[in-house]
2 protein chains.
Amino acid sequence: MNLTTATEAELLARRDRLREQYAALKGRGRSLDLTRGKPSAAQLDLSAPLLSLPGPEAYTGADGTDVRNYGGAMGLPELREIFSGPFQVPADRLLALGGSSLELMYDCVAHALLLGLPGSVRPWAAEQSVAFLCPVPGYDRHFGICEQLGVDMIPVPMTADGPDMDRVEHLVARDPQIKGIWCVPKYSNPTGVSYAPETVRRLAAMPTAAPDFRIFWDNAYAVHHLTDAEPQIADVLALAAAHGNEDRPFVFGSTSKITFPGAGVAFLGASPANVRWTLRHLSRRTIGPDKVNQLRHTLFLRDADGVRDHMRRHREVLAPRFDLVERVLTERLGGTGIASWTRPEGGYFVTLTVPDGCATLTVSLAAEAGVALTPAGAPYPYGRDPHDHTIRIAPSYPSLPELSEALEALTVCVLLAGVERLLGT
Amino acid sequence: MNLTTATEAELLARRDRLREQYAALKGRGRSLDLTRGKPSAAQLDLSAPLLSLPGPEAYTGADGTDVRNYGGAMGLPELREIFSGPFQVPADRLLALGGSSLELMYDCVAHALLLGLPGSVRPWAAEQSVAFLCPVPGYDRHFGICEQLGVDMIPVPMTADGPDMDRVEHLVARDPQIKGIWCVPKYSNPTGVSYAPETVRRLAAMPTAAPDFRIFWDNAYAVHHLTDAEPQIADVLALAAAHGNEDRPFVFGSTSKITFPGAGVAFLGASPANVRWTLRHLSRRTIGPDKVNQLRHTLFLRDADGVRDHMRRHREVLAPRFDLVERVLTERLGGTGIASWTRPEGGYFVTLTVPDGCATLTVSLAAEAGVALTPAGAPYPYGRDPHDHTIRIAPSYPSLPELSEALEALTVCVLLAGVERLLGT
């Protein structure tokens, strides 16, 4: 039944049934979690060999470095080679560093504030104000970095091709305080959108009022395909260089969702000047990254084909979960006229769009029924979704039966919130 | 022969012989390295089991956490328990984080600048100026952090009991811009001094003009003994709390020189308010440290006794090197009146003091003869040793024969520089 065209009587009847279903859900006292893009245990098991690598006799890099000791600021060359292709960064400009790409992005903004970047007139902290463009809906942890470090956020809408480039070009051309833009260019969090070639070209080429404008290119899902297409996006570093803006992109990536989120390797790729800048401040902060972990990853993943094969095994675990989301949402919400959702071809999220003003209510109904969702508004700067209509679903972590149960419950909450809204109650 | 009381003729004769010896050294074309406090391969081999740990089935923390996945901002509780004793920090206030303590110290200063600390009136970057006291000679990488982040450095002399506390108390009581002091309280780098209990008490108790003054307590050599004494220093956190200055100390430590420098675990211990402050900004930067590496360390070191046993094996490798330094320096420089040196009971360094104005010459003579030393002046802020007389010797990395050869060569350079100086040439 299309609820938007239903009579009031029909809606009232439906509401009664939904309220009963909802009461039953609450009665079950379940605790299910759709909040974070966290790999499941089955995915982590795919990297089990890492737990015993590099092995008792393996502590030497290809160039003879003893990986156990200090040094090696750029990271292990052989691991940087493996990821040069997936991240589209020449290996000599790709740094393999510690932990997570979130750290690298955070430190990049922090050091731009403290020291300024190549091309900066002064440290960003000495500017009147600094702002970043935030394509929305986007990744809440990007916005958390800005909030923490006092960087203002300007939302720009996402389209099916990436950020609304007319809007982006208009803003950055005029305002020198706009110093950056957050981009998840492939299988974007949470919309699943991959940037069209023309979007990447315009980002690389556009004139900016700020001489030190930066693209924070968080290629978090570079190899995280859910279909056979396995597309490559346009090469932002090459395009920026071709348009005379070589220093504009900082490329980030990690193995967090390839091997272990808690024990991976993160990567930063950029122009020679940006790499020198990064190494200059890194050298005061650390005497080198965890090269044993980098050797461990090298031995396990072997080469770019090894990464591809490994990611296909992830897909075997993940794809049925995304299929389940599509099936349950279609069965329960299809044709109701009050919900739409994305069908991502990669990445970790489905974006569910509910009627304006219904996201917060839906999330709180779900919470009371034992289904944890990312807070409504999280994919927006300052947690404010102006339409209050975006819900992020992360289907990777629960088991299939749990996911099925959580989705069934969620759809009841979506329908109940939507019907209440249509009835004006 | 005591060169300081020798006749000119005796000195000229000695100089001729030294010049011959030095020419012979250069002729050998050797390349030996006494620069950094880097464990030798023999020391790294002591931790070989880490290369295969935690093992194929081990990925669960004591509380059931899957260490492979995201989370666990404070670090693995069982590892924090192990190091609670050695670092004298209650486990609930001891964070086990990533990589190196240098990173943690750097990030602490960076965030004090960006955000301010508990007790700060404003972020340090918004102050007119910020200065740290730097006991000298001290650790060059501490000074590198200050230099990089624009923190002024005020040298204060080291004594046999730690920093000259009359001078420290005098300075911090008057100047609110003095926000911190660097301390390596045990087997200090490079002097080997351990702080006397009264020094620690005075640091913990002294009035400071800055409300947000911090002690950066880099307990880098907490368990790195070279004798049976294995002394414990006074508990700075407890003393600070007892004197109403609970938030004053930040305690740092790591396993860099316990297991692998390139793949260790670093620790931060502090008051509840400082720990909350740290976790607040950490939570925007990372979704947890490398808990697999922490589990690996837990399984390998087991408990505080395991750490003690392991460090005794390090001592078996290290002590003969320090004995060799003492023997060669005594044989070659004893009674010459132009050199004195430390006999450390722990840590990684020997400080060699040469006549004023001779350190730079000695280091450059050694370099030309193929013996790399830390640059003269490095143990001083801005690399400026006002007396140009301090040379840091790091004997851990070379093999015993290499070390012997390097020390013999070094003593020729010390004597040659000293004689040239006495002759005014």
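Residues numbered from 1 in each chain as written. Chains lettered and ligands numbered in written order. Predicted model: local features only at pLDDT ≥ 70, side-chain atom pairs only at ≥ 80, totals over all residues. Heavy atoms only, no water.

Caption draft 1: Representation of the state of the cysteines within the structure. All names here are of chain A. What the rule picks out here adds up to 0 disulfides over all chains. No disulfide involves Cys108; its sulfur sits 12 Å from that of Cys146, the nearest cysteine. By relative accessible area, Cys108 is classed as buried at 3%. (Disulfide = S-S within 2.5 Å. Buried < 20%, exposed > 50% of the residue type's maximum accessible area, 1.4 Å probe, protein only.)

Caption draft 2: Region of interest: the environment of B:Asn2. All names here are of chain B. Examined against the element boundaries, Asn2 turns out to sit in the segment before α1 (8-28). Counting along the chain gives 121 residues from Asn2 to Pro123, while the straight-line C-alpha distance between them is 55 Å. Dropping the residues within four chain positions of it, Asn2 is found in contact with Gly335, Thr336 and Gly337. For Asn2, the side chain forms a polar contact with the side chain of Thr4, separated by 2.4 Å. (Helix = DSSP H or I, 4+ residues; strand = E, 2+ residues; numbered from the N terminus. Contact = heavy atoms within 4.5 Å. Polar contact = N/O pair within 3.5 Å; in protein donor to acceptor, adjacent residues only side chain to side chain.)

Caption draft 3: Here's a closer look at the side chain of B:Thr286. Mapped onto the elements, B:Thr286 comes out in the loop between α9 (272-285) and α10 (291-301). Note on B:Thr286: relative accessible area 12%, which makes it buried. A polar side-chain atom of B:Thr286 sits 3.0 Å from the main-chain amide nitrogen of B:Gly288. Setting aside residues up to four positions removed in sequence, B:Thr286 forms contacts with A:Ser100, A:Leu102 and A:Glu103.

Caption draft 4: Looking closely at the interface of chain A and chain B. Contacts between chain A and chain B engage 57 residues on the former and 57 residues on the latter. Surface buried jointly by chain A and chain B totals about 4500 Å² across both partners, of which 53% is contributed by carbon and sulfur atoms. Across the contact surface, chain A and chain B share 6 salt bridges. The tally of links from chain A across to chain B stands at 18 residue pairs in polar contact (both at pLDDT 80 or more). (Buried area = accessible area lost by both parts, 1.4 Å probe. Salt bridge = Lys/Arg side-chain N within 4 Å of Asp/Glu carboxyl O.)

Caption draft 5: The arrangement of the relation of the copies chain A and chain B in detail. For the pair chain A and chain B, the relating rotation is 180 degrees, the translation along its axis is 0.0 Å, and the fit reaches an RMSD of 0.0 Å. What we have between these two chains is a two-fold relation. Among all residues of chain A, the one whose C-alpha sits closest to the rotation axis is A:Ser52, at a distance of 2.1 Å. Most of the interface of chain A is mirrored in chain B: 100% of its interface residues are interface residues there too. (Least-squares fit on C-alpha atoms with pLDDT ≥ 70 in both.)

Caption draft 6: Geometry of the sheet that holds strand β3 (residues 131-136) of chain A. All names here are of chain A. Strand order in the open sheet formed by 8 strands is β2-β9-β8-β7-β6-β3-β4-β5, and the pairing between neighbours is mixed. Of all strands in the sheet, those with a lone pairing partner are β2 (94-98) and β5 (162-163), marking the two edges. In the packing of helix α6 (residues 165-174) onto the sheet, the strands contacted are β3, β4 (152-159), β5 and β6 (178-183), and the crossing angle to β4 comes to about 150 degrees. (Pairing = 2+ DSSP bridges. Axes fitted to C-alpha atoms, helices over the stretch in contact; angles between N-to-C directions.)

Caption draft 7: Region of interest: the packing of helix α12 (residues 359-368) of chain B against helix α13 (residues 400-422) of chain B. Residues and elements named next belong to chain B. Interaxial distance between α12 and α13 falls to 9 Å at its minimum, and their mutual angle equals 135 degrees. Classed by the angle they form, the pair α12 and α13 counts as oblique. In terms of crossing hand, the pair formed by α12 and α13 is right-handed. Contacts between α12 and α13 involve Leu361, Thr362, Leu365 and Ala366 from the former and Leu410, Cys413, Val414, Leu416 and Ala417 from the latter. Each residue belonging to the contact of α12 with α13 can be placed in one class, and the counts come to 8 nonpolar, 1 polar and no charged. (Parallel < 35°, antiparallel > 145°, perpendicular 65-115°, else oblique. Left-handed = near helix turned anticlockwise from the far one by under 90°. Nonpolar A, V, L, I, M, F, W, Y, C, P; charged D, E, K, R; others polar.)

Caption draft 8: Fine view of the packing of aromatic side chains. One pass over the structure, following the stated rule, counts 26 aromatic pairs over all chains. Sitting over the ring of A:Tyr348, A:Lys257 keeps its end group 5.4 Å from the ring centre. (Phe/Tyr/Trp six-rings, centres within 6.5 Å; stacked < 30°, edge-to-face > 60°. Lys NZ or Arg CZ within 6 Å of the ring centre and 35° of its normal.)

Caption draft 9: Molecular detail of the nonpolar core. Counting residues in each nonpolar core, the largest one holds 102 residues, and the members touching the most others are A:Phe83, A:Leu203, A:Trp217, B:Phe83, B:Leu203 and B:Trp217. Not counting chain neighbours up to four residues away, the residues in contact with A:Phe83 comprise A:Leu94, A:Thr255, A:Ile258, A:Phe267, A:Leu301 and A:Val307. Counting residues in each nonpolar core, the second largest holds 70 residues, with A:Val109, A:Leu268, B:Val130 and B:Phe252 among its members. (Core = buried A, V, L, I, M, F, W, Y, C linked by side-chain atoms within 4.5 Å.)

Caption draft 10: Spotlight on α1(B). Residues and elements named next belong to chain B. Here α1 is 21 residues long and its end C-alpha atoms lie 30 Å apart, about the 30 Å a rise of 1.5 Å per residue gives. All buried positions along α1 are accounted for by Leu11, Arg14, Arg15, Leu18, Tyr22 and Leu25. Down the axis of α1, the buried side of the element spans an arc of 110 degrees, and every buried residue falls inside it. Exposed residues pointing more than 90 degrees away from the buried face of α1 are listed as Ala9, Glu20 and Gly27. Check the buried side of α1 and you find it contacts α12 and α13. Just past α1, the residue Gly29 takes up positive phi, approximately 60 degrees. (Expected span 1.5 Å × (residues − 1). Arc of directions from axis to C-beta.)

Scope: geometric values only; no functional claims are made or implied.
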